[in-house]
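Read off the chains here:
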Amino acid sequence: MSYLFVGSYAPAEAEGIHLYQFQAEGDGRLERVNGYAGVANPSFLTVDAARRRLFAVSETANGAVVSLRYDVETGAIEEVNRQLTQGDDPCHLITDPTGQWLLLVNYSSGNVNVYPIAADGSLGTLSDQVQHAGHSVNPDRQESPHPHSIHNIPGTSFYLVPDLGLDQLVVYELDGEHGKLNQVSVTNTAPGSGPRHAAFHPSEPYVYVIHELTSEAEVFEINRAEGTLTSVQKLTTLPAGLEGDSWCAEIAMAASGTYVYGSNRGDDSLVVYNLETPSQLHPVGWSSTKGNFPRHFTIVPNEPYVLAANQNSDNMVVMKLNEQGIPVATGQEVQITKPVCLKFG
């Protein structure tokens, strides 16, 4: 049995953070355990399972970040404290491998934050904030910087920030003593591409970046010593002949290192790539998410399942991986208002 946290777009008075049990037997079943209210638009979450800590953004103007503790046995969720993000619309956050620092991006104000985490899980005051500057070619979406996510490059002290507004992948090094970010490198992506999220190969120095605006996946080789990236491949996330608009959202890699998945909002599908080598993606199929606007999805740890969150149709769908690694909807789903993020604890 696994425990799943779901973030959503919900007003503060509603339970916008949800806790589910997932049982893999049969077609995969989701059972709601509890919810938590009091956070406006708790869209993105990160879980420190070893310490039973849950962190949520409050994706609003004058945003906030909230620390919570949880107990999966009882289902209890309670707030520890919160801090302002000193920026607008925080949309992604992670903790560092030591559990001592939380890193966060503010989408609309274009900055990257660092907070200390105390032994009791409470968040201290902001230890650093780095401001991005500039714009790119799309006047509607790239009029200013929009960092969309932040990711630790495995095995290093480097952090990758895809900035959708700048068409850049910015790498920082975290000073783990003082909680400061030092810029290491900047990699430009194609004008108008809009890099959004990233996934890493489990053992080889490669990262897979999904471009929201052009619906593409791009492979980069990582120099782990220097924190630099080199593009080696780029290809579409969409099936041939698609009519109408579509925008990418999430990208994830199977723990085996053999498949990469990406979500298409508009086509309402997951694209599936297999890897003959870590540097080469090959599309093998597309799967309907049985809903509208799959903003996020997650691979169930140690089980052949994917869960997809369809924001605009208010449903979370269970999909089982077949022998080709393609997710197939099992018919199991739950209704949930505007699901945005799925994280196992």
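Presented here is a report on the structure given in the accompanying data block. Bear in mind that the values here come from a model prediction, so they are computed numbers and not experimental data.

So, how was this worked out
- Residues numbered from 1 in each chain as written.
- Predicted model: local features only at pLDDT ≥ 70, side-chain atom pairs only at ≥ 80, totals over all residues.
- Heavy atoms only, no water.
- Salt bridge = Lys/Arg side-chain N within 4 Å of Asp/Glu carboxyl O.
- Helix = DSSP H or I, 4+ residues; strand = E, 2+ residues; numbered from the N terminus.
- Buried < 20%, exposed > 50% of the residue type's maximum accessible area, 1.4 Å probe, protein only.
- Phe/Tyr/Trp six-rings, centres within 6.5 Å; stacked < 30°, edge-to-face > 60°.
- Contact = heavy atoms within 4.5 Å.
- Core = buried A, V, L, I, M, F, W, Y, C linked by side-chain atoms within 4.5 Å.
- Pairing = 2+ DSSP bridges.
- Axes fitted to C-alpha atoms, helices over the stretch in contact; angles between N-to-C directions.

1. Structural notes on the pattern of salt bridges
What the rule picks out here adds up to 8 salt bridges. Note that glutamate 212 is salt-bridged to arginine 141, the shortest N-O span being 3.1 Å. Note that glutamate 212 is positioned in the loop between β17 (206–211) and β18 (216–223) and arginine 141 in the loop between β11 (128–131) and β12 (151–152), a separation of 71 residues in sequence. Glutamate 212 gets classed as buried once you look at its relative accessible area, which sits at 4%. Residue arginine 141 is classed as partly exposed on the basis of its relative accessible area of 26%. It is possible to trace a salt-bridge network through shared partners that takes in Arg141, Arg196, Glu212 and Arg265.

2. A look at the packing of aromatic side chains
On inspection of all chains with the given rule, the structure shows 3 aromatic pairs. Ring centres 5.3 Å apart and planes at 70° place the aromatic pair phenylalanine 22 and tyrosine 305 in the edge-to-face group. One end of the pair, phenylalanine 22, is in strand β2 (residues 15–23); the other, tyrosine 305, is in strand β25 (residues 305–310), and 283 residues separate them in sequence. Residue class for tyrosine 305 comes out buried when judged on its relative accessible area of 1%.

3. Some words on the environment of phenylalanine 158
Residue position: phenylalanine 158 is located in strand β13 (residues 158–163). Here phenylalanine 158 falls in the buried class, since its relative accessible area comes to 6%. With 14 residues separating them along the chain, phenylalanine 158 and tyrosine 172 place their C-alpha atoms 5.5 Å apart. Not counting residues up to four positions away in its chain, the partners in contact with phenylalanine 158 are His151, Asn152, Ile153, Val171, Tyr172, Glu173, Val184, Arg224, Ala225, Glu226 and Gly227.

4. Some thoughts on the nonpolar core
The biggest cluster of nonpolar side chains holds 26 residues, and the ones touching the most others in it are Phe5, Leu54, Leu68, Leu93 and Leu102. Elements represented by at least two residues in this core include exactly β1 (2–8), β2, β4 (45–48), β5 (53–58), β6 (64–71) and β9 (101–106). Apart from the residues lying within four places of it in its own chain, the contact partners of leucine 102 are Phe55, Val65, Leu93, Ile94, Thr95, Asn113, Val114, Tyr115, Ile117 and Leu123.

5. Considering the sheet that holds strand β3 (residues 29–37)
Whether parallel or antiparallel, the strands of a sheet pair through hydrogen bonds between backbone atoms. Read across the open sheet, the 4 strands follow the order β3-β2-β1-β28; overall the sheet is antiparallel. Looking at strand neighbours, the two that pair on one side only are β3 and β28 (339–344), the edges of this open sheet. Direction aside, neighbouring strands of the sheet carry axes that sit 25° apart on average. Bridging between β1 and β28 involves 5 bridges; their strand directions are antiparallel. Looking at the pairing, serine 8 lines up with proline 339 of β28.

What is shown is where atoms sit, not what they do.
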